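# Inside the fold
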Amino acid sequence: MKKEVASVSWDDLSYQIEPWVKNAMITLGFTSMTPVQASTIPLLSQHKDVVVEAVTGSGKTLAYVIPVLEKVIKLLKEAELKKGQFGALVVAPTRELANQINTVFNSVIELQPEEEKRIGTQLLVGSMQNVREDLELFHKTKPQILIGTPGRIIDFFSSNSIKTNKCEIMILDEADKLLDDGFINDTQSIVRYLPSQRRTGLFSATISAVGSKIFKAGMTNPVKITVKSASLAANSAPESLNLSYMVVDPELKLKILYQLLLKFRYKKVIVYFPTNFAVTHFFNFFMELVKKSNTPESETVNIYSLHGKLEAKPRMKTLNTFAEESPFKSVLFTTDVAARGIDIPDVDLVIQLDPPTEPDVFLHRCGRTGRANKIGSAITMISEGREEEYINFLNVKNIDLKLQETPKLNEELVKNFDEKMRSWLLEDRARYDHAVRCYVGYTRYYSKHVASSIFRLAELNYLKLAKLHGLTRYPKMPENKYIKDFPTDGWFDDSIDFDTYKYKDEVKEAARLEELKTEKRRKERKQKALLKKELKEKNSAWSKKVDTKENKLERREKMSKRRDAVEAELQKQKEADGVDDSDSDVEVDWKDLVRANKKQKKQPAQTQGFFDDL
Ligand SMILES: Nc1ncnc2c1ncn2[C@@H]1O[C@H](COP(=O)(O)OP(=O)(O)OP(=O)(O)O)[C@@H](O)[C@H]1O
């Protein structure tokens, strides 16, 4: 479905573009210009640097493709480019986008008349081929336009055989991304390779936040062009895009997604997940779920996955297959790698399982649908609670989301989902390990939200999050401090016996069994050692007791010996003095003697006592 919007004829331009380029536009079905094209082309083609901010899907690509072609046409008319020279450079943050831009250039160039000097392009992106192969191809085909991602462009320019002095124009597509912290150094390195007398164009749907950083792209006195949506309610997004949100129980997100994928009417849907791990994990599970559900609804769905950890070639292939015409409903599970610039006209639905960490990315993700005035819907899931404040946060940024009723889950679907999730996880312990990584990755992702007052780690519902991932135990991580009543060893569900939970991979399983044995032995040894220690402590306490008894006896014996000796001495003295003996007197005298002896011991300087020899 298309919405009518005001457009400008190619002939209404004050500046006349190259006739064959204009004809090519009409042949391609672009009978008139979009507003951003009408405002940008005359300026960029005629010696102005531009900073262009226009909503997603508004036609920014052609707004620079035409000026770039015009610069190159002019260059070729003036003189041949010498060996190693090129005339234009377009930089994009992702391989997919660079590839797409290359395709747009070639769709126009293919319509170049025979008599014109041939224009050529070359794609410079990582992992398609190596730099040496890129250089060989460049010297063989002599393209005038280079399109690529920053890393590979720098590697390419570092070859002495490449001469950058004839580069007339540089375009940064998704310029705010190329000027952010992750890319700025690379972007500046590229700028330093280029001659200062060149035109520069920065393009994005969200460039305002970049501010004075635009000058890091080496611009001189740029003109700012802003094309907003006609809709006053949400002029940061195109009018043809319906933005809505659902408030959901975080544990139910995937079930709701599954129900939407089966019940909703759409041709192509892009589903955004927070991490690469999540894309792989849930893609694998949903493939199984769809395959084994065997319902007429599930049979009409085809699912694809795309993320940054995949090789470049399969990534491109997946995107191409997803973009192809299909009698099935096509679903793409992806990350922010496919948030910006990707133009697949049939995408009529975007679903975000979580808001992105950066608010600008919200518009880019949603903007994969509702492009070029086609109607599209973007639904964002918001977890119940504090996250609901995100809606006001977006509202302040002129992004207005309508509340959509959360679908009631079908009981049969939930039962089927739970059973399949459990059996799929139990089939291979590696899946559980992966689910753990997903869970941990999610918390890392959550901590990166720019709107940190809304997305607080302390307020995440960890139990629901763990259950969403199919876990039965909280993995060890610092965030566990936020979990109230943390269960012993992290187990909140003991329904899986981990001793018998197997890996499908035989080598891994053998290693696990070995580890289990070692662990058992370690436990046994520990227990034995503990028992031994306890026993030792018990024995030593008893022997101490025995020891004190023996000592007492010994002391008593000594004492009685001393007493006998004293008595004998006294008796001797009495006999010598002729005194009669009586027990009671001896007793008294003996005690006195003992006391006197003690006193003497305390006063060593005194004269030697009676007991000193004993
Ligand atoms: N003059 C035109 N008439 C009709 N359709 C057009 C015209 N120019 C571009 N389009 C179409 O509009 C769609 C979106 O264009 P483009 O990809 O350039 O958008 P964009 O503004 O770069 O979006 P994003 O910000 O998402 O990258 C494309 O499918 C393109 O073919």
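Residues numbered from 1 in each chain as written. Predicted model: local features only at pLDDT ≥ 70, side-chain atom pairs only at ≥ 80, totals over all residues.

### Things to note about the overall build of the protein chain
A tally of regular secondary structure across the protein chain gives 18 helices and 16 strands. Across the 614 residues that make up the protein chain, the buried fraction comes to 35%. (Helix = DSSP H or I, 4+ residues; strand = E, 2+ residues; numbered from the N terminus. Buried ≥ 20, exposed ≤ 12 C-beta atoms within 10 Å, placed from the backbone.)

### Re the domain arrangement of the protein chain
Interfaces are often sized by the amount of accessible area the parts lose when they come together. Per the domain assignment, the segments of the protein chain are domain 1 (10–226), domain 2 (241–490) and domain 3 (506–533). For domain 2 and domain 3, the distance between their C-alpha centres works out to 40 Å. (Domains from an automatic or database assignment.)

### A few points about the environment of K526
Within the element layout of this structure, K526 appears in helix α17 (residues 506–577). Separated by 61 residues in the primary sequence, K526 and L465 place their C-alpha atoms 35 Å from one another.

### Concerning the nonpolar core
Within the largest apolar cluster, 126 residues are counted, with the highest numbers of intra-cluster contacts made by V68 and V271. The residue makeup of this core includes at least three contributed by each of domain 1 (10–226) and domain 2 (241–490). With near-sequence residues (within four places) excluded, V68 lies in contact with A88, V90, I145, I169 and I171. (Core = buried A, V, L, I, M, F, W, Y, C linked by C-beta atoms within 7 Å. Contact = placed C-beta atoms within 7 Å.)

### A few points about helix α2 (residues 35–45)
Among the 11 residues that make up α2, 10 are buried, leaving the element largely enclosed by the rest of the structure. P35, V36, Q37, A38, S39, T40, I41, L43, L44 and S45 are the residues of α2 that are buried. Residues of α2 that are buried make contact with β1 (8–9), β2 (32–33), β3 (50–54), α3 (60–78), β8 (199–204) and β9 (223–227). Positive phi shows up at H47, right after α2, with a value of about 60 degrees.

### So, the sheet that holds strand β14 (residues 347–352)
Taken in spatial order, the 7 strands line up as β12-β13-β11-β14-β15-β10-β16 in an open sheet, and their pairing is parallel. Only two strands of the sheet have a single neighbouring strand rather than two, namely β12 (301–306) and β16 (402–403). Against the sheet, helix α11 (residues 312–323) touches β11 (268–272), β12 and β13 (329–334), its axis set at about 150 degrees to β12. Lying on the sheet, helix α12 (residues 359–366) is in contact with β10 (241–248), β11, β14 and β15 (376–383); it crosses β14 at an angle near 150 degrees. (Pairing = 2+ DSSP bridges. Axes fitted to C-alpha atoms, helices over the stretch in contact; angles between N-to-C directions.)

### Quick look at the UniProt feature "domain: Helicase C-terminal" (unreviewed entry) in the protein chain
UniProt feature "domain: Helicase C-terminal" (unreviewed entry): in the numbering of this structure it lies at residues 256–414. Taken end to end, residues 256–414 comprises 36% helix and 21% strand; its first and last C-alpha atoms sit 9 Å apart. (UniProt positions renumbered as here; feature names shortened; annotations may be inferred.)

### Section: the site of the ligand
Among the 19 residues in the neighbourhood of the ligand, the closest are listed as T56, G59, K60, T61 and A372. Of the residues assigned to the shell around the ligand, the class counts are 7 nonpolar, 9 polar and 3 charged. Per-domain counts for the shell around the ligand show at least three residues from each of domain 1 (10–226) and domain 2 (241–490). (Near = placed C-beta within 6 Å. Nonpolar A, V, L, I, M, F, W, Y, C, P; charged D, E, K, R; others polar.)

### Brief notes about the sheet that holds β8
Each strand in a sheet pairs with another by means of backbone hydrogen bonds, the pair being arranged parallel or else antiparallel. Reading across the sheet, the 7 strands line up as β5-β6-β4-β7-β8-β3-β9 and stay open at both edges, with parallel pairing between neighbours. The open sheet is flanked by β5 (121–124) and β9, the only strands paired with a single partner. Put simply, the sheet's adjacent strands are angled 15 degrees from each other on average, direction ignored. In the sheet, β5 pairs with strand β6 (residues 145–148) via 4 bridges, with the strands oriented parallel. Paired with T121 across the bridge in β6 is I145.

### Structural notes on the packing of helix α10 (residues 276–293) against helix α14 (residues 411–427)
Where α10 contacts α14, the two axes come as close as 10 Å, and the packing angle between them is 120 degrees. With respect to α14, the element α10 is oriented oblique. Between α10 and α14 lies a crossing whose hand is right-handed. Note on element contacts: α14 touches α10 through N416, F417, K420, M421 and W424, opposite F285, E288, L289, K292 and S293. Class assignment for the residues of the contact of α10 with α14 results in 5 nonpolar, 2 polar and 3 charged. (Parallel < 35°, antiparallel > 145°, perpendicular 65-115°, else oblique. Left-handed = near helix turned anticlockwise from the far one by under 90°.)

### A closer look at the environment of I207
Relative to the elements of secondary structure, I207 occurs in the loop between β8 and β9. For I207, a count of 24 C-beta atoms within 10 Å translates into the label buried. Separated by 166 residues in sequence, I207 and I41 place their C-alpha atoms 19 Å apart. With residues near it in sequence (within four places) discarded, I207 still touches V51, E53, A175, D176 and L202.

### Details of the UniProt feature "domain: Helicase ATP-binding" (unreviewed entry) in the protein chain
The positions that UniProt labels "domain: Helicase ATP-binding" (unreviewed entry) are, in the present scheme, residues 41–225. From the first C-alpha to the last, residues 41–225 spans 11 Å; its make-up is 39% helix and 17% strand.

### Some points on the pairing of β6
Side chains I145 and I147 of β6 all project onto a buried face; the interleaved residues L146 and G148 project onto the opposite face, where all are buried too. Bridging between strand β4 (residues 88–91) and β6 involves 4 bridges; their strand directions are parallel. From the neighbouring strand, A88 faces β6, where its bridge partner is I145. Handedness of the β-α-β unit built from β5, helix α5 (residues 131–141) and β6 comes out right-handed. (Right-handed = clockwise from strand over helix to strand, strands pointing away.)

### Observations regarding the pairing of β10
As paired elements, β10 and β15 share 8 bridges and run parallel to each other. The residue bridging L243 from the neighbouring strand is A378, located in β15. Alignment of β10 against β16, held across 2 bridges, turns out to be parallel. Residue pairing in the sheet places Y245 in a bridge with L403 of β16.

### Some remarks on unusual backbone geometry
The phi angle at K142 is positive, at roughly 50 degrees, despite the residue not being glycine. Secondary-structure assignment places K142 in the loop between α5 and β6. Phi is positive for N398, close to 70 degrees, though the residue is something other than glycine. Within the secondary structure, N398 is located in the loop between α13 (390–396) and β16. Residue class for N398 comes out partly exposed when judged on the 16 C-beta atoms lying within 10 Å of it.

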